[in-house]
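Observations on chain architecture
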Amino acid sequence: MKTLASLAAVLAVSLAAGTASAREARVQWGDLDLSSVAGADAFDARVTTAAKRACRGVKRPGSRISDRAFCRAAFREEAVRQLPGSVQVDYALSRLPVVL
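The residue count restarts for each chain, going from 1 along the sequence in the order it is written. Local features are withheld for residues below a pLDDT of 70 in this predicted model, meaning they are given only at 70 or higher, and side-chain atom pairs are given and counted only at 80 or more; totals for whole chains, interfaces and linings count all residues. No hydrogens and no water enter the side-chain calculation; it runs on all heavy atoms of the structure.

With that out of the way, let us pick up a nonpolar patch on the surface. Candidate patch residues must exceed 30% relative accessible area and have no salt bridge, after which like charges are joined if within 9 Å and Val, Leu, Ile, Met, Phe, Trp or Tyr side chains if within 5 Å. Each accessible area is a Shrake-Rupley estimate made with a 1.4 Å probe; only the visible protein chains count as cover when residues are assessed. Salt bridge, as used here: a side-chain nitrogen of Lys or Arg that lies within 4 Å of a carboxyl oxygen of Asp or Glu. Judged by side-chain polarity, Val 89, Leu 93 and Leu 96 come together as a nonpolar surface patch covering roughly 290 Å² of accessible area. By definition, any uninterrupted DSSP run of H or I lasting at least four residues is a helix, any uninterrupted run of E lasting at least two residues is a strand, and each is numbered from the N terminus. With respect to the helices, strands and loops of the structure, Leu 96 is situated in the segment after α3 (85–95). Judged by its relative accessible area of 51%, Leu 96 is exposed. Each residue gets one of three labels from its accessible area relative to the maximum for its type: buried under 20%, exposed over 50%, partly exposed in between, using a 1.4 Å probe on protein chains only.

So, on to the state of the cysteines. Chemically, a disulfide is nothing more than a covalent bond linking the sulfur atoms of two cysteines. Defined by distance alone, a disulfide is two cysteine sulfur atoms within 2.5 Å. In the structure shown here, the tally under the stated rule is one disulfide. Linked covalently through their sulfurs, Cys 55 and Cys 71 form a disulfide whose S-S length is 2.0 Å. Measuring the twist about the S-S bond at about -80 degrees, one finds the Cys 55-Cys 71 disulfide to be left-handed. Here Cys 55 is found in the loop between α1 (37–54) and α2 (68–81), whereas its partner Cys 71 is found in helix α2, with 16 residues between them in sequence.

Below you can see the structure in the form of structure tokens.
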């Protein structure tokens, strides 16, 4: 099993330029093997949990309408983007369906 350095990805999600409601969260991933389905699933669960907390009460820019779905999607994209390049590749490959 591949050993990853114990690091934390710092995620900052700002839903609109100039908003004061940018949120930060830490998602630990260093203990996971993101090249495995189980490791990637665990990472996804951690990101989902952090996104739920960070996106609580988020409104669509310029509106009073809640837009948690957009916030969570942006949060997930940012979490994966902040992984080191080779780990991003491992994670992406573990998400592909197995074709026999």
